[in-house]
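Here is what each chain is made of, one letter per residue.
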Amino acid sequence: MMVLKDFTIPFIGLKEGKHQFDYQIDNTFFELFDFDEFNNAAVGVVLDFHKKTTMLELSFKATGTVNVNCDVTNEPYEQPIEGNLNLIVKFGHEYNDENEEILIVPHGEYEINVAQYIYEMIVLAVPSKRIHPGIADGTLQSEILEKLEELQPGTEKKETEEDIDPRWNTLKKLLTDNK
């Protein structure tokens, strides 16, 4: 079970220099944030953590896929994603996260939780309009698309003589007999 503590980095015990942290993100991670728009997720996140004497530089890179439903057909498909996020952590008198690229933490802090930043980076890496790749090249076969094509205006189905109930033929004769 993945918990938010897994994303807490105690930087006070780290030596100055570069450190690397790897995270494998799946649906249990998004359940921690009550986010249910992904059917499934398989995203690898690499965090390059550079500790300096007066600040921390964090560079996140995410690659992988999320299974989402198409906005047009509601068919699930694998959406490849890539995301990058750079964050500078400085030390100040009070906590301040108003700037999206600079985080200010109080001088007494000894750890930082990066879960929120990973969550936002992955969610923002997914396109706002999710369209199944089979729609663009015409290879997607689904019941919904067939029904949409059937109900499309201008493509009314012509009734053939075989589809008409024979009892109506007698009534049609009445119309033609009056002329």
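Residues numbered from 1 in each chain as written. Predicted model: local features only at pLDDT ≥ 70, side-chain atom pairs only at ≥ 80, totals over all residues. Heavy atoms only, no water.

Enquirer: Explain the packing of aromatic side chains to me, please; I cannot follow it from the model alone.
Expert: Any pair of aromatic rings gets described here by the distance separating the centres and the angle formed by the planes. Inspection of the entire model under this criterion finds twelve aromatic pairs. When the centroid spacing of 5.3 Å and the interplanar angle of 80° are considered together, the rings of F29 and F30 count as edge-to-face. Among the aromatic residues, ring-to-ring pairing joins F7, Y23, F29, F30, F33, F35, F38 and Y119 into one connected group. (Phe/Tyr/Trp six-rings, centres within 6.5 Å; stacked < 30°, edge-to-face > 60°.)

Enquirer: Quick question: what am I supposed to make of the pairing of strand β5 (residues 76-92) here?
Expert: Side-chain positions along a regular strand alternate between the two faces of the sheet. Note that strand β4 (residues 55-69) and β5 share 15 bridges and pair antiparallel. Across the sheet, residue N67 finds its bridge partner in β5, namely E78. The hairpin turn running from β4 into β5, its antiparallel successor, is six residues long, and N74 in that turn takes a positive phi close to 65°. Relative to strand β6 (residues 102-106), β5 runs parallel, the two being bridged by five bridges. Bridge pairing in β6 links I88 to I102. (Pairing = 2+ DSSP bridges. Helix = DSSP H or I, 4+ residues; strand = E, 2+ residues; numbered from the N terminus.)

Enquirer: Whenever I open this one, a nonpolar patch on the surface confuses me. Can you help?
Expert: Nonpolar side chains collect at one region of the surface, where W168, L171 and L174 lie side by side and expose about 340 Å² of accessible area between them. According to the relative accessible area criterion, L171 is partly exposed, its value standing at 45%. (Patch = residues over 30% accessible without salt bridge, like charges linked within 9 Å, V, L, I, M, F, W, Y side chains within 5 Å. Areas by Shrake-Rupley, 256 points an atom, 1.4 Å probe, with all protein chains shown as cover. Salt bridge = Lys/Arg side-chain N within 4 Å of Asp/Glu carboxyl O. Buried < 20%, exposed > 50% of the residue type's maximum accessible area, 1.4 Å probe, protein only.)

Enquirer: Before we go on, may I ask you to explain the sheet that holds β5 in this structure?
Expert: Pairing between the strands of a sheet is mediated by backbone hydrogen bonds and can be parallel or antiparallel. An order of β2-β3-β4-β5-β6 is seen for the five strands of this open sheet, with the pairing classed as mixed. In this open sheet, the two strands that pair with only one neighbour each are β2 (17-25) and β6. Taken over all neighbouring pairs, the strand axes of this sheet differ in orientation by 20° on average, direction set aside. In this structure, β2 lies alongside strand β3 (residues 40-51), joined through nine bridges in antiparallel fashion. Pairing of Q24 across the sheet is with G44, part of β3. (Axes fitted to C-alpha atoms, helices over the stretch in contact; angles between N-to-C directions.)

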